[in-house]
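The primary structure of each chain is shown beneath.
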Amino acid sequence: MTGASGELVLAEHRGPVLVLTFNRPAKLNAWTEELEDRYFALLDAAEDDPDVRAVVVTGAGRGFCSGADLQLLRSVREIGEASAVDTARRRPRDLPLTLRKPLIGAVNGVAAGLGMVEALYCDLRFGSPSARFTTAFAQRGLIAEYGISWLLPRLVGHSRAMDLLLSSRMVDADEALRIGLLDHLVPTGSVVDAAVAYATDLATRCSPGSMATIKSQLHHDADGAYADSVARAESLMLQAFSGADVVEGVAGHLEKRPPSFPPLPPVRSSDVPV
């Protein structure tokens, strides 16, 4: 079941920011293969679209994403068959992590199980007061899926990750902000508007090339040695000094005007237009 538009994921351009909205509000945007295909294809399209400099993802209605739609799986055998298909998917399950552009989550309600994983795939998260998180896996007889056992400790620490994964308890917005699941809590107004305003600032003031490199550094250096991080940064810094973005960034600062940075070069194509 989809929302009124019939699309499982809505796409809306707000200037340089693309807003993607999971659109199964009657099911709290429960995840399906079709929704995933649409979402991932739109991310692929955004990757190569020079007019898109940042992406915000949210959910329609009262939820962000309530996890996999288990009502579509009538038996344990079907769950097993779905898991087997999972390993042969057209795009990698963690494709959102590969996006070079900023990916901002606007968590407007519950993010459960796979829905919580999708929120953690975002570079950072804005939340409304109704934002809630639960890993859910242990209460379904499942394990820590889709890399959450790697992602979660790096956000909240080892023992808190153990607590959230073992208990599957619900975390409200205030606690989520306190422990690092949320980066910004939006107490009034639209959480999507707040996320778009932040993303627009990135899109208009920051170099797409710099942001893509910084994202790569953070992912690459997460488990490496400090000395390796420094050495890699020195090499990347020399590349940056020889590029046009530094010239434009410095000129914009000295001339007291917004910089005009070029878009990222395309790296992959998509079969779904944005």
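Residues numbered from 1 in each chain as written. Predicted model: local features only at pLDDT ≥ 70, side-chain atom pairs only at ≥ 80, totals over all residues. Heavy atoms only, no water.

*Asks:* I'd love a proper account of the pattern of salt bridges, names of residues and values included.
*Replies:* On inspection of all chains with the given rule, the structure shows 17 salt bridges. The partner of Asp 69 in a salt bridge is Arg 24, and the shortest N-O contact between them spans 2.9 Å. Of the two residues, Asp 69 sits in the loop between strand S4 (63-65) and helix H2 (76-86) while Arg 24 sits in the loop between strand S2 (17-22) and helix H1 (33-48), which places them 45 residues apart along the sequence. Residue Arg 93 pairs with Glu 118 through a salt bridge whose shortest N-O separation is 2.9 Å. A residue pair is termed long-range when its members are at least 10 positions apart, and Arg 93 in the loop between H2 and strand S5 (103-107) and Glu 118 in helix H3 (residues 114-121) qualify at 25 residues. Side by side, Arg 93 and Glu 118 carry an identical accessibility label, which is buried. (Salt bridge = Lys/Arg side-chain N within 4 Å of Asp/Glu carboxyl O. Helix = DSSP H or I, 4+ residues; strand = E, 2+ residues; numbered from the N terminus. Buried < 20%, exposed > 50% of the residue type's maximum accessible area, 1.4 Å probe, protein only.)

*Asks:* I'd love a proper account of empty space enclosed by the protein, names of residues and values included.
*Replies:* Under the definition given, this model contains one cavity of 30 Å³ or more. Its residues assigned to classes, the lining of the largest cavity shows seven nonpolar, no polar and four charged. (1 Å grid on protein atoms, 1.4 Å probe; cavity = no way out; pocket = protein on both sides within 12 Å on 5 of 7 lines; lining within 4 Å. Points joined across faces, edges and corners; volume = space filled by probe spheres on them. Nonpolar A, V, L, I, M, F, W, Y, C, P; charged D, E, K, R; others polar.)

*Asks:* Before we move on, could you go through the confidence of the model for the chain and cite the residues and values that matter?
*Replies:* Considering every residue of the chain, the mean pLDDT works out to 89; 89% of them sit at 70 or more. Below pLDDT 50 for its whole length, residues 270-274 participates in 18 contacts with residues either more than four positions away or in separate chains. (pLDDT = per-residue confidence, 0-100. Contact = heavy atoms within 4.5 Å.)

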